Amino acid sequence: MDQPVISAINHYLEQLHREFAGLTEGEVASYIPELSHADPAWFGIAIATVDGHVYQVGDTRQGFTIQSASKPFVYGLALEEHGLDYVLNRVGVEPSGEAFNSISLEPGTGRPLNPMINAGAIATASMVQGDSDPARLAKVLGMFERFTGHPMKVDETVYLSERATGHRNRALAHLMHGFGIVEGNPEASLDLYFRQCSVVVNCRDLALLGACLANNGINPVTGVRALSEKHVPRVLSVMGSCGMYDYSGEWLYRIGMPAKSGVGGGLLAVLPGQLAIAVFSPPLDPRGNSCRGIAVCERISDDLKLHLFHPLRSTTASTIRVAYRANEVRSRRTRSPAQEAMLSQQGARVQVYELQGELAFGATESLLEAVGQEGDEPDFLVFDMRHVVNVDHAAGWLLIEFARIAHGQGRTVLFVGCDNKYPFQRRARKQWNGIDEAGVFALNDIDRALEWCENRLLERNGLAVDEMGRVSLARSALCAGLDAVHGEELERIGRRVEYRPNETVFRIGDAGDALFIVLHGELEAHIHGPHQEVTRLSTFIPGNYFGELPLASGGARTANVRAVTHATCIEVSYAALSEGLKVGLLSRMATDLARKLAGQARVQKVLG
Ligand code: DON
C-alpha cells in the first residue's frame, strides 16, 4: 500500500526532506568504531499509519543498526514473558535525566532507573528466556519480525565492533549481576544486548515498529499481533518519559509523542491510535539523538498539531447520525389497519439513535445525558451502531452501565449492528453478567429491531401480532377497486398455491410472468447486501399482492420472495389477463405505488 499517486503527505514529506537536508549539525557516532562509517548525508523520513499506509521519502531503504531504538521492544518482550511485577522489581520506570550510558543504579538494590538507559536495557535483555543463547536471540529476532513483517538479521560487523569496545556496558552488566538484577551469566546477556542493538532496520521498518505500538500492538500491514494490548501503554509510557534520555522532558514538552532514538541515527515517534514517524539521519547531538530526527519531528508535530496533549473533542451532534421514534419510521413489516393505527399512536415509546464514528468518553457521556433529558422517556431505546467504527473502553462502559440501569427500570435497550464489534461485546459481557438474558445484542438488523419493538408494543396494547387470519380474494387490496366483471375474471384465472415456511416463491433473475395475491400467512421480499447479509425490502400479509412490477415494466425479478410462515397465494399469470383487466390492475397498482412511495421516503433514508 505504498506511495499513492496523489498524496498530500508525500508532497509534504518531500518538502520537509528538501528543507532539512540542509541541516548539517551533529556528529556521526564514533564510540562504536563501525558506526563511524555512516554517511552523514543519509536522510530518510517515513510515516506509517494505523491503517497500514506507509509514506516515505529519501533514504528509507538504507539499512542501519537499530541501536537503542530496540530497547522499548525488548522491554515489551520482557513484560510478555514475566509480567509487570517481576519486570518492575528489577527495572524502574523513572526518568534518569542522565545520559544513555550513565552508571546510575538505585543505591542499595542496584535496580536501573528505567529500561531506556543502557543499564535498564541490559537488565531487560537478561530477562529474555531461552534454552540457549541462539534460542534467546531467535526470540528477539522473531519479536522484531512480528513488528516489521519480515525476517530480521544482526549486522555482525557492528556487533563485533561494539562487543570489542563496550567496556562501560560490560561494567554495568557485571555490576547488576552483583546485585542479583542480571541473573545467570552476565556475559551472555550483554552479548544479547549488543546483538539486539545491531539488528538491521531501515527507516520504513522503524516506522512500522512504531505503527504497531500506535495500533494497540497489532501490525497494521500483516494483521499479526506484535505485542499484547495491555503492555502497549507501558512501553509507550517509558518511551514518553525516558526515550530521549536527558532530553526526554523537553522532547515531551515540544513534540509531545513517546519516542526512542538510537545512535545508528534512527528516531521513532509514536502518536497512539494514529501514526508513527521514523527519521533516519546519522549525525547526532551530544545526547546521542539524531539532529535532523529531532528537527523533523518537531516540525511535523507543530505543523499538524500532533502533540499528545492537544485534546481531541467530538460532540454529541457528530455522534448522532439520526434520531427518530417508531411513530415516524416504521419497520418494513406490513401491518393491518388496526395495527397501523396503534403504532402511530404508541410508536413514540420507541426511540432510535443511529450513531456514527468513534465513540469515546466525552461524546458518549453527552449523548447519554441528552437521552436522559428527552422528557417523555421511551420504553424502548435502540442504539443503531452499524456506522460506529470503534467503541473505546470508557464509551463502552458508559453505554453498558446505561443499558443495565435502564433494564433495572423495566426499559429495553438494544444495541443493533454490533456483530462485528467483538471487543465491545466481550467487555460488555464481562461488565454485565445478565446481558445476554436481557437480549441487548440479540438483533443485528435495525429493521428487525424495530419490528421486535413494534411487536412488543402491539402485544402490550392487546393486539395480536399475527391477527390477519385469512382474507378472500374479493377482499384483497388488488380486487377492491375492480369492477364485478374483472373481479370474476381474476377468480377464474387465478391458481391457488400453498407455500411451506421458508419456501422460495421466486428469485432475482427469474422470469417475471405472474403476480401473487396473499390470502393467508406471511411472505417477505429481500435482497442480499454487499456482505451477503439479508436486507428485507417488505413483508406481505393477507390482502397484499406482489410480483406485479414486471407487468408494468417487463423483465426479470429484482428481489427474492420467500414464505415466512405457511402461506396461501393466488398466482395470476400475466399471459392469462384480458386487456381490460390488465389496464384495471395497472391503474390500481399505480395508485398503491404512489401512496407507498410517499410513505416510504423517510423509512428508506433511515433503514438504508
Ligand atoms: O549501548 C550502546 O551504547 C549502544 N548499543 C546503544 C546506544 C544508543 O543507541 C543510545 N541512543 N541514542
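Attention in this report is confined to the structure presented alongside it. (Residues numbered from 1 in each chain as written. Predicted model: local features only at pLDDT ≥ 70, side-chain atom pairs only at ≥ 80, totals over all residues. Heavy atoms only, no water.)

Here we take up the packing of aromatic side chains. In total, this model carries 18 aromatic pairs according to the counting rule given. Centroid distance Y31 to F100: 6.0 Å. Interplanar angle 45 degrees. Geometry classified as tilted. Here F100 lies in the loop between α3 (84-90) and α4 (118-126) and Y31 lies in the loop between α1 (8-21) and β1 (44-49), a separation of 69 residues in the sequence. Classification of Y31 by relative accessible area gives partly exposed; the value is 44%. For F100, a relative accessible area of 11% gives the class buried. Seen in terms of ring centroids, F73 and F147 are 5.0 Å apart; in terms of plane orientation they differ by 75 degrees. Their pairing is edge-to-face. (Phe/Tyr/Trp six-rings, centres within 6.5 Å; stacked < 30°, edge-to-face > 60°. Helix = DSSP H or I, 4+ residues; strand = E, 2+ residues; numbered from the N terminus. Buried < 20%, exposed > 50% of the residue type's maximum accessible area, 1.4 Å probe, protein only.)

Before going further, it helps to examine the site of the ligand. With respect to spatial proximity, 14 residues lie near the ligand, and among them Y31, Q67, S68, E162 and Y193 are the closest. Measuring from an oxygen atom of the ligand, one finds a side-chain N or O atom of N118 at 3.0 Å. If the ligand stood free it would expose 340 Å²; the protein chains cover 99% of that surface. Among the residues forming the shell around the ligand, the class breakdown is six nonpolar, seven polar and one charged. (Near = heavy atom within 4 Å. Polar contact = N/O pair within 3.5 Å; in protein donor to acceptor, adjacent residues only side chain to side chain. Areas by Shrake-Rupley, 256 points an atom, 1.4 Å probe, with all protein chains shown as cover. Nonpolar A, V, L, I, M, F, W, Y, C, P; charged D, E, K, R; others polar.)

Let's shift gears to the sheet that holds strand β15 (residues 523-528). The sheet built from four strands is open, its strands ordered β13-β18-β15-β16 with antiparallel pairing. Bordering the open sheet on either side are β13 (504-506) and β16 (534-540), each of which pairs with just one other strand. On average, each strand axis in the sheet is inclined to that of its neighbour by 30 degrees, with strand direction left out of account. (Pairing = 2+ DSSP bridges. Axes fitted to C-alpha atoms, helices over the stretch in contact; angles between N-to-C directions.)

Another aspect to go through is helix α17 (residues 422-431). The complete set of buried residues in α17 reads F424, Q425 and A428. For α17, the buried positions fall inside an angular range of 95 degrees around the axis, keeping them on one side. Exposed residues lying more than 90 degrees from the buried face of α17 are Y422, R426 and K430. In the core, the buried residues of α17 are packed alongside β10 (380-391) and α16 (393-408). (Arc of directions from axis to C-beta. Contact = heavy atoms within 4.5 Å.)

Examined against the element boundaries, R333 turns out to sit in the loop between β8 (320-325) and α14 (337-346). Overall, the relative accessible area of 8% leaves R333 in the buried class. Side chain to side chain, R333 and E522 meet in a polar contact 3.2 Å long. Here R333 is in contact with E451, N455, V465, D466, E522, R536 and T539, once residues within four sequence places are set aside.

Pairing is antiparallel across the open sheet formed by four strands, whose spatial order is β12-β19-β14-β17. On the outer flanks of this sheet lie β12 (495-499) and β17 (545-546), each paired with one strand and no other. Relative to β17, strand β14 (residues 514-520) is paired through two bridges, and the arrangement is antiparallel. Paired with F516 across the two strands is F546, which belongs to β17.

Here the focus is the pairing of β16. Relative to β16, β15 is paired through six bridges, and the arrangement is antiparallel. Opposite L523, over in β16, you have F540 as the bridge partner.

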